Amino acid sequence: MVFARSRPVLARYDVSSHMVKWWKGHKHMDGQVTRSLSPYEQQIVVPWLKTFPKRAYDKFMDSFVYWGGAAVLTVGTAVAADEADAAQDRSHRY
């Protein structure tokens, strides 16, 4: 029997005969799903670009009250301070 030792190797049909040693340490995950991005994927950014305007609008509208209120308060304080300074300068003109 010349091929007695190679017969079990050739009995595997799920792996080619030259890769049996490589795949013998592979552990099956019993239904675990792993996802990864393929290096050949062509549409990586497109799904994000399709949902970006709606997400940006929703985020803007959620925080607009706070940012808008802060901006109005800051600009209003600056305008009031400039007007008060100008009024004081006019009162001491002569």
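Residues numbered from 1 in each chain as written. Predicted model: local features only at pLDDT ≥ 70, side-chain atom pairs only at ≥ 80, totals over all residues. Heavy atoms only, no water.

Novice: Please clarify how the overall build of the chain should be interpreted in this entry.
Specialist: Secondary structure assignment for the chain yields 3 helices and 0 strands. Across the 94 residues that make up the chain, the buried fraction comes to 3%. Carbon and sulfur atoms make up 63% of the accessible area of the chain, which totals about 9600 Å². (Helix = DSSP H or I, 4+ residues; strand = E, 2+ residues; numbered from the N terminus. Buried < 20%, exposed > 50% of the residue type's maximum accessible area, 1.4 Å probe, protein only. Areas by Shrake-Rupley, 256 points an atom, 1.4 Å probe, with all protein chains shown as cover.)

Novice: Would you mind going over the pattern of salt bridges with me for this structure?
Specialist: A side chain of one charge can pair with a side chain of the opposite charge if their charged atoms are brought near each other. Taken as a whole, this structure holds 1 salt bridge when the rule is applied. A salt bridge links Lys54 to Asp58, with the nearest nitrogen and oxygen atoms 3.0 Å apart. Remark: Asp58 and Lys54 occur in helix H3 (residues 46-91); sequence separation between them is 4 residues, near one turn of the helix. Residue classification places Lys54 among the exposed positions, given a relative accessible area of 58%. Accessibility expressed as a relative area gives 31% for Asp58, which makes it partly exposed. (Salt bridge = Lys/Arg side-chain N within 4 Å of Asp/Glu carboxyl O.)

Novice: How should I be thinking about a negative patch on the surface in this particular structure?
Specialist: A surface patch of like charges, here negative, comprises Asp82, Glu83, Asp85 and Asp89. Assignment of secondary structure puts Glu83 in helix H3. A relative accessible area of 53% places Glu83 in the exposed class. (Patch = residues over 30% accessible without salt bridge, like charges linked within 9 Å, V, L, I, M, F, W, Y side chains within 5 Å. Lys, Arg positive; Asp, Glu negative; His and termini not counted. Charge placed at Lys NZ, Arg CZ, Asp CG, Glu CD.)

Novice: Can you walk me through the packing of aromatic side chains in this structure?
Specialist: To describe a pair of aromatic rings, you give the distance between the ring centres and the angle between the ring planes. The full count for this structure, using the stated rule, is 2 aromatic pairs. A ring pair is formed by Trp48 and Phe52, whose centres lie 5.0 Å apart and whose planes are at 40 degrees; its orientation type is tilted. With Trp48 and Phe52 both in helix H3, this residue pair falls 4 residues apart, about one helical turn. Given the relative accessible area of 43%, Trp48 is considered partly exposed. Residues Phe60 and Phe64 carry aromatic rings whose centres are separated by 5.3 Å and whose planes lie at 45 degrees to one another, so their mutual orientation is tilted. Of this pair, Phe60 and Phe64 are both found in helix H3, 4 residues apart, which corresponds to roughly one turn of the helix. (Phe/Tyr/Trp six-rings, centres within 6.5 Å; stacked < 30°, edge-to-face > 60°.)

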